[in-house]
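These are the residues of each chain, in order.
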Amino acid sequence: MAVVLSIDAGTTGVRAFVIDERGTPVDVAYREFPQYFPQPGWVEHDANEILDAVRATLAEVVARLDPALGAIAAIGITNQRETLVAWSRSTGQPLYRALVWQDRRTAEVCDALTARGALDRVRAVTGLVLDPYFTATKLGWLLSSGAVAASDDLAVGTVDSWLLWHLTGGAVHATDVSNASRTLLCDIGARTWSSEMADVFGVADAFGALPEVRPSSGRFGVTVDGNGVPAGIPVSGIAGDQQAALFGQACFEPGMTKNTYGTGSFVLMNVGPSLPAPVEGLLTTVAWELSDGSVAYALEGAIFVTGAAIQWL
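Here we summarise the structure given alongside this text. Predicted model only: the values in this text are computed from it and were never measured. (Residues numbered from 1 in each chain as written. Predicted model: local features only at pLDDT ≥ 70, side-chain atom pairs only at ≥ 80, totals over all residues. Heavy atoms only, no water.)

### Comments concerning the overall build of the chain
Working step 1: Scanning the chain from terminus to terminus reveals nine helices and 18 strands.
Working step 2: Scored against the burial criterion, the 313 residues of the chain give a buried share of 51%.
Working step 3: Restricting to contacts in the chain with at least 6 residues of sequence separation, those with at least 24 account for 65%.
Working step 4: Total accessible area on the chain stands at roughly 12700 Å², and carbon and sulfur atoms take up 55% of it.
Working step 5: Averaging the positions of the 19 positive and the 33 negative side-chain charges in the chain gives two centres separated by 1 Å. (Helix = DSSP H or I, 4+ residues; strand = E, 2+ residues; numbered from the N terminus. Buried < 20%, exposed > 50% of the residue type's maximum accessible area, 1.4 Å probe, protein only. Contact = heavy atoms within 4.5 Å. Areas by Shrake-Rupley, 256 points an atom, 1.4 Å probe, with all protein chains shown as cover. Lys, Arg positive; Asp, Glu negative; His and termini not counted. Charge placed at Lys NZ, Arg CZ, Asp CG, Glu CD.)

### Some points on the nonpolar core
Working step 1: Residues Leu139, Val156, Leu185 and Phe201 are the most contacted members of the largest nonpolar core, which totals 51 residues.
Working step 2: The element best represented in this core is helix H4 (residues 136-144), accounting for five residues.
Working step 3: With near-sequence residues (within four places) excluded, Phe201 lies in contact with Leu113, Val122, Leu130, Ala136, Thr137, Gly140, Leu184 and Leu185.
Working step 4: If you look at the next biggest cluster of nonpolar residues, it comprises 37 residues, including Ala29, Val61, Ile72 and Leu163. (Core = buried A, V, L, I, M, F, W, Y, C linked by side-chain atoms within 4.5 Å.)

### Some points on the layout of surface pockets
Working step 1: By volume, the largest pocket is sized at about 850 Å³.
Working step 2: Ser6, Thr78, Ala244, Phe247 and Gly248 are, among the 31 residues lining the largest pocket, the residues nearest its centre.
Working step 3: Sorting the residues of the lining of the largest pocket by element identifies strand S1 (2-9), strand S2 (13-19), strand S5 (71-79), strand S14 (234-240), helix H8 (241-248), strand S15 (257-261) and strand S17 (283-289) as the ones contributing at least two each.
Working step 4: At five residues, the largest contribution of residues to the lining of the largest pocket is made by H8.
Working step 5: Considered class by class, the residues forming the lining of the largest pocket number 13 nonpolar, 13 polar and five charged. (1 Å grid on protein atoms, 1.4 Å probe; cavity = no way out; pocket = protein on both sides within 12 Å on 5 of 7 lines; lining within 4 Å. Points joined across faces, edges and corners; volume = space filled by probe spheres on them. Nonpolar A, V, L, I, M, F, W, Y, C, P; charged D, E, K, R; others polar.)

### Details of H8
Owing to its 3.6 residues per turn, the α-helix aligns residues three or four sequence positions apart on the same side.
Working step 1: Buried within H8 are the following residues: Gln242, Gln243 and Leu246. Angular distribution of buried residues about the axis of H8 spans 100°; they occupy a single face of the element.
Working step 2: The inward-facing, buried residues of H8 contact helix H6 (177-180), S14, S15, strand S16 (265-272), S17 and strand S18 (295-303).
Working step 3: Immediately beyond the C-terminal end of H8, within one or two residues, lies Ala250, with a positive phi of roughly 60°. (Arc of directions from axis to C-beta.)

### Re the packing of helix H1 (residues 47-63) against helix H5 (residues 159-167)
Working step 1: Here H1 crosses H5 at 60°, and the two axes come no closer than 11 Å. Considered as vectors, H1 and H5 are oriented oblique to each other. Crossing of H1 against H5: the hand is right-handed. In this structure, H1 contributes Ala47, Asn48, Ile50, Leu51, Val54, Arg55 and Leu58 to the contact, and H5 contributes Val159, Trp162, Leu163, His166 and Leu167.
Working step 2: Across the contact of H1 with H5, the residue classes tally to nine nonpolar, two polar and one charged. (Axes fitted to C-alpha atoms, helices over the stretch in contact; angles between N-to-C directions. Parallel < 35°, antiparallel > 145°, perpendicular 65-115°, else oblique. Left-handed = near helix turned anticlockwise from the far one by under 90°.)

### Quick notes on the side chain of Asn79
Working step 1: Take Asn79: it is sitting in strand S5.
Working step 2: In terms of polar contacts, Asn79 uses its side chain to reach the side chain of Asp160, at 3.5 Å.
Working step 3: Here Asn79 is in contact with Ala9, Val159, Asp160, Asn179, Ile238, Ala239, Gly240 and Asp241, once residues within four sequence places are set aside. (Polar contact = N/O pair within 3.5 Å; in protein donor to acceptor, adjacent residues only side chain to side chain.)

### Describing the sheet that holds S5
Working step 1: Strand order in this open sheet of six strands is S3-S2-S1-S5-S14-S13, and the pairing throughout is mixed. Two strands lie at the open edges of the sheet, namely strand S3 (25-32) and strand S13 (217-222), each paired on one side alone. Direction aside, neighbouring strands of the sheet carry axes that sit 25° apart on average.
Working step 2: Where S13 and S14 come together, three bridges link them in antiparallel fashion. Bridging from a neighbouring strand, Gly221 pairs with Val235 of S14.
Working step 3: Those strands touched by H5 are S1, S5, S13 and S14, and its axis lies near 150° from that of S5. (Pairing = 2+ DSSP bridges.)

### A closer look at the sheet that holds S16
Working step 1: In space, the four strands of this open sheet follow the order S15-S16-S18-S17, with antiparallel pairing throughout. Here the strands that pair on one side only, and so sit at the sheet edges, are S15 and S17. Across the sheet, the mean angle separating the axes of adjacent strands is 30° when strand polarity is ignored.
Working step 2: Pairing of S16 with S18 involves seven bridges; the strand directions are antiparallel. The residue bridging Gly272 from the neighbouring strand is Tyr297, located in S18.
Working step 3: In the packing of H8 onto the sheet, contacts are made with S15, S16, S17 and S18, and the angle to S17 comes to roughly 60°.

### Things to note about the packing of aromatic side chains
Working step 1: Enumeration according to the criterion identifies ten aromatic pairs in this entry.
Working step 2: Ring geometry for Trp101 versus Tyr133: centroids 5.7 Å apart, planes at 80°, classification edge-to-face. Within this pair, whereas Trp101 is found in the loop between strand S7 (98-99) and helix H2 (107-115), its partner Tyr133 is found in the loop between helix H3 (119-126) and H4, the two being separated by 32 residues in sequence.
Working step 3: On the basis of relative accessible area, Trp101 is assigned to the buried category, the value being 4%.
Working step 4: Ring centres 4.9 Å apart and planes at 85° place the aromatic pair Phe247 and Trp288 in the edge-to-face group. Note that Phe247 is positioned in helix H8 and Trp288 in strand S17, a separation of 41 residues in sequence.
Working step 5: With a relative accessible area of 7%, Trp288 lands in the buried category.
Working step 6: Put simply, the rings of Trp101, Tyr133, Phe134 and Phe266 touch in pairs and so form one group of aromatic residues. (Phe/Tyr/Trp six-rings, centres within 6.5 Å; stacked < 30°, edge-to-face > 60°.)

Okay, here's the thing in structure tokens:
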């Protein structure tokens, strides 16, 4: 017998689940972490507070783990998408607060790119639209503001990359294709980083700081001590939270659709293995790529603030 640990690193809190061989959750721990609003429209997280919440929830469920359930076979990560973390490879410490997907500080940058006529090409390559919601303009802001500097020591990525780096003791700097496809820097047809988009968004100097893009399933690395779990456990799956929900709701066939109500509300529809043409009013995203090479794309409709508004009220 064996169990799997699942990390759900959301926008307002972290959950760690223990899941048995039948796919049934048997234990869960939860920790909230704060959001910071230094100016109107700016939303930030302390990446260390996210990491601390992950370690604390993992340690809690591991401490309660019934030996009769068996050993821990693997860890999976799902995470808030688009949020950008920048850190030092040499120290492992954040270089600035994480810029959250809700952050709007780069709205004028997106408007300027739209005015320059960049939208059609951006949509064709990335499946996304020019909006501060996505990651690329956040990275551009960190570089242009002087908050971080491009160097061999710089590492940047979404929250999954930040967690994977620390779970593996800095041995692995990687992300999965579902998270990469939310950055405005990924060619979703080729499922690799796009140097063209790096030029468009003025982040070419930091291109080498991006994580390696890998399939959503397969071994990313193994844990080291100090993370709330024993050393040597493989991290064997990563997916952005909405794509993970699509997979978790067993939407494996084209046309199958899910709607999730959380901090925001997100409708995703599996559209199969072929990249569709852009659809007005919807985003195109990589749903997943499995270790056997099979790929699914999705169309997405999003409302950015639902549960977050209720929490604020």
